[in-house]
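Spelled out, the chains give:
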Amino acid sequence: MPRLLSTILTLRRDPRLLKLPPYLSLLCIVVGVVWLLLLPLDDYSRRTYISENALLPGQVHTYFGGSDQNVFRAYRHEVDALKERRNVEINDELENIFKGIGLKVGRQNYTYRSAGHTYTGENAYAILQAPRGDATEAIVLVAAWKNVKDEFNRSGVALALTLARYFKRWSLWSKDIILVIPPDSMAGIQAWVDAYHDAHDPSSVASLPIKSGLLQGAVAIDYPREGRFEGVHIVYDGVNGQLPNLDLINSVNNIANGQMGMHSFIQEKLGHSDKYNDRLRTMLRGMMNQGLGHAVGPHSSFIPYHVDAITLQPVGNGWHDEMGMGRLVEGTFRSLNNLLEHLHQSFFFYLLMHKDRFVSIGTYLPSAMLIAVNFTIMAILMWVKSGYSDGASGPTEPSITAKRETVHEKKEEDVTTTLAAPPTVERELYLPLGIVIACHFLGALPLFIFNHTPSHLLAPFFLAFSIFNITLPSLVPNLVNLTSARPLTLQQLYLLKSFSLLLLGMFLSSLATLNFSLAFLVGLVSTPLSFARPWPGNAAIRYGYTALLSIVSPTAVVLAGTAAYAFSEGGSGSGGGLLQTLEHVLREAAFGWDVWGLYIPLVVWCVWWPAWLVGSVVVLGQPRTKVKSA
């Protein structure tokens, strides 16, 4: 045992140990990426299933159809006549329709201001009181006047009115049904949901005149098209990457595929082959939507309040008509009506790669955690190296001494290895710690600018900031030289990197449990920071690595993402088109910050950008060699 302890203590001071962390860090990155790429395989994913037995999806016969087709056409004719009317005039007519059906009607005004724009309107909604209920629970049916693409949702509104009239005739409902028709799919529904939960700002959003009980679920209809369709596209991503309970999605899939003979799709992937490539593309698209955290439909505003919600969109060309869509909504509402308690048994954290296959958080979380751990490993390495004098990478090389001793008149040679004790060096913590804290607080500046600038100035300001961002890392050391009595030492650069990577790893590991996709994407793009180091004697490597860091900077990634989005939307790729797309992206981000409570800008500017800035400062650093010894 003493010999084992002696061996361990000897290995602890072996300088070769300090060469392992970079390789261990690289191994964590590679394993994390490979782990994610393995998830679409059958061995790592599971088939979806219904956990809540009370839902009983597809177990009831739906009766919507027949004469309801004529009612739908009549309502669509009335909706078409209101297309060019003002919001208040539209709501006046909707109120008359609701009262004619026999529903309680409410209206709500709201006004939001973001990026120099004013978003104002009036929501109209009605409550169908459950014949067998006591107004303690409710289900919401949403049909926005315009969808997220600003298209006139004519068939969706008409179908919602037809369903409200149809539901009124049935006495089986144990939960109230609320029909909400906001003027748009972004601001209006957010104002209504905030006011329903008394989380609104009374100065900009009016309170609701009438309410029902606890919301058990919500279904939004996005149906701007005409004609028959092949299947239904299920949109489920919520604000800040939150997701509805998986049972709700599985129930809709079960009703559509089993009872209606209707195809269902997710993540805009039509004609899914259920092979590895399609699974991977679907999963990555879902991760991208989750990482961006923006609202992708009217349902997204419900999910932060723990109300499971989805949006249904008819897609493709087939033989299903409006009545098939209505029966799908009816079947979903009948399943939600069966619930005895809020959906809780199935998963809230998952990645869907096919409508019938998913991976849960316990399977995919290690990939993001491994990315985050690599930063912590390098932070510990930098802390250890900062304890040695400048120019030393660890304890000095071993010296060999030979010693002879005689035992029972027999001579043998015993070679022992000793390590010279490293010089004791005092760590100068205050300046590196102050710089790291200052960089994180500095992130509040772009966060404020891009959330309070008028939209027509967002693109020029962002381009100007991107240019300034390239020169900023070289300005920080000069600023330190002006405020400090001496330039940064090698030890202080090591401590800079250590503190910065330690914070980055801590933030990303915590974020991974809330928004896995965002933590993984930010961590993957930030991996070059783990291997950033000063190269005072090699200008070519120093500036080459600085160029690499500039390519993966937050501003460069936003510009690259904007260009990719412009091309995916069929843009021309011209400078004017890219500027317009950039303005649109930044305006949506500002709107999300002001209206949806989006925290993605906070992660970008106060977590990712400071870490990048400190890493660039470390690479460009030209340290002194003198160090203070204890």
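Our subject is the structure that appears above.
Residues numbered from 1 in each chain as written. Predicted model: local features only at pLDDT ≥ 70, side-chain atom pairs only at ≥ 80, totals over all residues. Heavy atoms only, no water.

Colleague: Sorry if this is basic, but what is going on with the overall build of the protein here?
Modeller: Tallying secondary structure elements over the protein gives 19 helices and 13 strands in all. Counting over 630 residues, the protein shows a buried share of 52%. Per element, the accessible surface of the protein, about 28300 Å² overall, is 59% carbon and sulfur. The distance from the centre of the 50 positive side-chain charges to the centre of the 49 negative ones in the protein is 7 Å. (Helix = DSSP H or I, 4+ residues; strand = E, 2+ residues; numbered from the N terminus. Buried < 20%, exposed > 50% of the residue type's maximum accessible area, 1.4 Å probe, protein only. Areas by Shrake-Rupley, 256 points an atom, 1.4 Å probe, with all protein chains shown as cover. Lys, Arg positive; Asp, Glu negative; His and termini not counted. Charge placed at Lys NZ, Arg CZ, Asp CG, Glu CD.)

Colleague: I tried to follow the packing of helix H16 (residues 539-551) against helix H19 (residues 600-620) on my own but got confused; where do I start?
Modeller: How two helices sit against one another is set out by the angle between their axes and by the gap between those axes. Look at H16 against H19: their axes get within 9 Å of each other, and the N-to-C directions meet at 170°. The angle between the axes of H16 and H19 places the two elements in the roughly antiparallel class. On H19, the residues that touch Arg-542, Tyr-543, Tyr-545, Thr-546, Leu-549 and Ser-550 of H16 are Trp-612, Gly-615, Ser-616, Val-619 and Leu-620. Partitioning the contact of H16 with H19 into residue classes produces 6 nonpolar, 4 polar and 1 charged. (Axes fitted to C-alpha atoms, helices over the stretch in contact; angles between N-to-C directions. Parallel < 35°, antiparallel > 145°, perpendicular 65-115°, else oblique. Contact = heavy atoms within 4.5 Å. Nonpolar A, V, L, I, M, F, W, Y, C, P; charged D, E, K, R; others polar.)

Colleague: What am I meant to see in the packing of helix H3 (residues 68-81) against helix H5 (residues 154-168) here?
Modeller: One can describe the packing of H3 onto H5 by two numbers: an axis separation of 8 Å at closest approach and a directional angle of 130°. On the basis of their axis angle, the class for H3 and H5 is oblique. When the axes of H3 and H5 are compared, the crossing they make is right-handed. In this structure, H3 contributes Asp-68, Val-71, Phe-72, Tyr-75, Arg-76, Val-79 and Asp-80 to the contact, and H5 contributes Arg-154, Ser-155, Val-157, Ala-158, Leu-159, Leu-161, Thr-162, Arg-165 and Tyr-166. Residues that form the contact of H3 with H5 fall into these classes: 9 nonpolar, 2 polar and 5 charged. (Left-handed = near helix turned anticlockwise from the far one by under 90°.)

Colleague: Whenever I open this one, the nonpolar core confuses me. Can you help?
Modeller: The nonpolar side chains of soluble globular proteins are, as a tendency, buried together. Residues Val-140, Ile-178, Trp-192, Leu-215, Phe-302, Leu-496 and Phe-516 are the most contacted members of the largest nonpolar core, which totals 105 residues. The element that contributes the greatest number of residues to this core is H19, accounting for 15 residues. If you look at the next biggest cluster of nonpolar residues, it comprises 65 residues, including Ala-126, Ala-164, Val-219 and Ile-255. (Core = buried A, V, L, I, M, F, W, Y, C linked by side-chain atoms within 4.5 Å.)

Colleague: Explain the sheet that holds strand S3 (residues 117-128) here, please?
Modeller: For sheets, the rule is that strands pair by backbone hydrogen bonds, running either parallel or antiparallel. Pairing in this open sheet of 8 strands is mixed, and the strands run S2-S3-S5-S4-S6-S9-S7-S8 from one edge to the other. Bordering the open sheet on either side are strand S2 (104-114) and strand S8 (263-266), each of which pairs with just one other strand. Across this sheet, the average inter-strand angle for adjacent strands is 25°, counted without regard to direction. Here strand S6 (residues 214-221) runs beside strand S9 (residues 309-320); their pairing, made up of 4 bridges, is parallel. (Pairing = 2+ DSSP bridges.)

Colleague: I'm lost on the sheet that holds strand S11 (residues 357-360) in this one. Help?
Modeller: Strand order in the open sheet formed by 3 strands is S1-S11-S10, with antiparallel pairing between adjacent strands. Looking at the sheet topology across the chains shown, the edges are occupied by strand S1 (46-47) and strand S10 (350-354). The pairing of S1 with S11 spans 2 bridges and is classified as antiparallel. When the sheet's bridge partners are listed, Arg-46 is paired in S11 with Phe-358. The strands touched by helix H10 (residues 361-385) within the sheet are S10 and S11, with S11 carrying the most contacts at an inclination of about 60°.

Worth remembering: the numbers are spatial, not functional.
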